[in-house]
Amino acid sequence: MLTPNEVLGALETFQASIEPAVDDVKRAAVCMIIQNTAEGLALLMIKRADYDGDPWSGQMAFPGGRVELDDESPKAAALRECVEEVGVDLRANATFVGPLSEIRATLRGRKIDMIVSPYVFFTEQTLVCTPNYEVAKTVSIPLSFLLDEKARDSFELHYDGKDNAMPCYYYQGDKVWGLSLRFIDELRHIIKR
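Rules behind the numbers
- Residues numbered from 1 in each chain as written.
- Predicted model: local features only at pLDDT ≥ 70, side-chain atom pairs only at ≥ 80, totals over all residues.
- Heavy atoms only, no water.
- Helix = DSSP H or I, 4+ residues; strand = E, 2+ residues; numbered from the N terminus.
- Rg over C-alpha atoms; globule rule 2.2 N^0.38 Å.
- Buried < 20%, exposed > 50% of the residue type's maximum accessible area, 1.4 Å probe, protein only.
- Contact = heavy atoms within 4.5 Å.
- Core = buried A, V, L, I, M, F, W, Y, C linked by side-chain atoms within 4.5 Å.
- Salt bridge = Lys/Arg side-chain N within 4 Å of Asp/Glu carboxyl O.
- Phe/Tyr/Trp six-rings, centres within 6.5 Å; stacked < 30°, edge-to-face > 60°.
- Lys NZ or Arg CZ within 6 Å of the ring centre and 35° of its normal.
- Pairing = 2+ DSSP bridges.
- Axes fitted to C-alpha atoms, helices over the stretch in contact; angles between N-to-C directions.
- Expected span 1.5 Å × (residues − 1).
- Lys, Arg positive; Asp, Glu negative; His and termini not counted.
- Polar contact = N/O pair within 3.5 Å; in protein donor to acceptor, adjacent residues only side chain to side chain.

Draft legend 1. Representation of the overall build of the chain within the structure. Within the chain, the secondary structure is distributed over five helices and 11 strands. Relative to the compact-globule value of 16 Å for 193 residues, the chain shows a C-alpha radius of gyration of 16 Å, a close match. The C-alpha extent of the chain, read off along each of the three principal axes, is 45 × 45 × 35 Å. A total of 193 residues make up the chain; the buried ones form 47% of that total. Across the chain, every contact between residues at least 6 apart in sequence was considered, and the portion connecting residues at least 24 apart equals 66%.

Okay, here's the thing in structure tokens:
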């Protein structure tokens, strides 16, 4: 079983890749929260509520959202969104570990004008979440599950006139894929080093 010291030690030495600032590209930020639960270390995720017109409607994600003009930084935006979406103030309930690499978001295989910054936090407690209307539910996924190569799966996504095999995890009926999976894959790589 992974210990907090093993995971935090690996993350503390990681050098994140930062995307250059571009005026016409929107920014977003998310909180990747590692909790020390009774079953071991787990990553807190949200299932987004279903909304018409939202390309990520109903998908698994991390608490977070767009950086607003009055946010001091992408990290500040991630912290604000965490309070808004799941009712958790990480400044009072967790330790900031560090950033992961920023990623240019994609939609149906095409890059879009949005850069997402992930920030990793750690808490010794299992957080009590109170999701708002944007969040259907919260899910704690064990890191041991995400590190297990046998748990990796795939599904077919139709775009550009063809079926494309997309990597994913299925956890208790929920599919984790896309941008969230890209962040998880970097976290897995760091921990496995």
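Draft legend 2. Molecular detail of the nonpolar core. If you look at the biggest cluster of nonpolar residues, it comprises 37 residues, and the most contacted ones within it are Leu11, Ile34, Leu43 and Leu143. With six residues, helix α5 (residues 178-192) is the single largest residue contributor to this core. Once you skip the residues sitting within four places of it in the chain, Leu43 turns out to touch Met32, Ile33, Ile34, Phe62, Val139, Ser140, Ile141, Leu143, Leu146, Ile184 and Leu187.

Draft legend 3. Region of interest: the pattern of salt bridges. For the structure shown, the criterion picks out 12 salt bridges. The closest approach of N and O atoms between Arg80 and Glu84, which form a salt bridge, is 3.2 Å. Pair noted here: Arg80 and Glu84 are both in helix α2 (residues 74-86), with a separation of four residues, about one helical turn. The shortest N-O distance in the salt bridge between Asp89 and Arg91 comes to 3.2 Å. By relative accessible area, Arg91 is classed as exposed at 57%.

Draft legend 4. Spatial organisation of the packing of aromatic side chains. In this structure the tally under the stated criterion is six aromatic pairs. Measuring from centroid to centroid gives 5.7 Å for Phe145 and Tyr169, while their planes differ by 55°, and the two rings are tilted. Taken together, the residues span a long stretch of sequence, with Phe145 in helix α4 (residues 143-147) and Tyr169 in strand β10 (residues 162-171) at a distance of 24 residues. Through a chain of ring-to-ring contacts, the aromatic side chains of Phe96, Tyr119 and Phe121 assemble into a single cluster. In this structure, Lys75 is placed above the aromatic ring of Phe96, and the distance from its NZ or CZ to the ring centre is 3.7 Å. Above the plane of the ring of Phe155 lies Lys175, whose end atom (NZ or CZ) is 3.8 Å from the centre.

Draft legend 5. Looking closely at the sheet that holds strand β11 (residues 174-176). The strand order across the open sheet built from three strands is β9-β10-β11, with neighbouring strands paired in antiparallel fashion. Only two strands of the sheet have a single neighbouring strand rather than two, namely β9 (152-159) and β11. In this sheet, adjacent strand axes meet at a mean angle of 50° when their direction is disregarded. Here eight bridges tie β9 to β10, and the two strands are oriented antiparallel to one another. If you follow Ser154 over to β10, its bridge partner there is Pro167. Here α5 sits on the sheet in contact with β9, β10 and β11, set at roughly 60° to β10.

Draft legend 6. View of α2. In this model, α2 (13 residues) spans 18 Å end to end at C-alpha, consistent with the 18 Å of a helix rising 1.5 Å per residue. Among the residues making up α2, those that are buried are Ala76, Ala77, Ala78, Leu79, Glu81, Cys82, Glu85 and Val86. The inward-facing, buried residues of α2 abut β1 (26-37), β2 (40-48), β4 (64-66), α3 (90-93), β7 (110-123) and β8 (135-142). With its phi angle positive at about 70°, Gly87 sits one or two positions after the end of α2.

Draft legend 7. Expanded view of the side chain of Glu85. Inspection of the secondary structure assignment puts Glu85 in helix α2. This buried residue, Glu85, is left without a salt bridge; Arg48 holds the nearest opposite charge, at 5.0 Å. For Glu85, the side chain forms a polar contact with the main-chain nitrogen of Gly64, separated by 3.0 Å. Residues within four places of Glu85 in sequence aside, it is in contact with Ile46, Phe62, Pro63, Gly64, Thr130, Pro131, Asn132, Glu134 and Val135.

In short, geometric facts, not functional conclusions.
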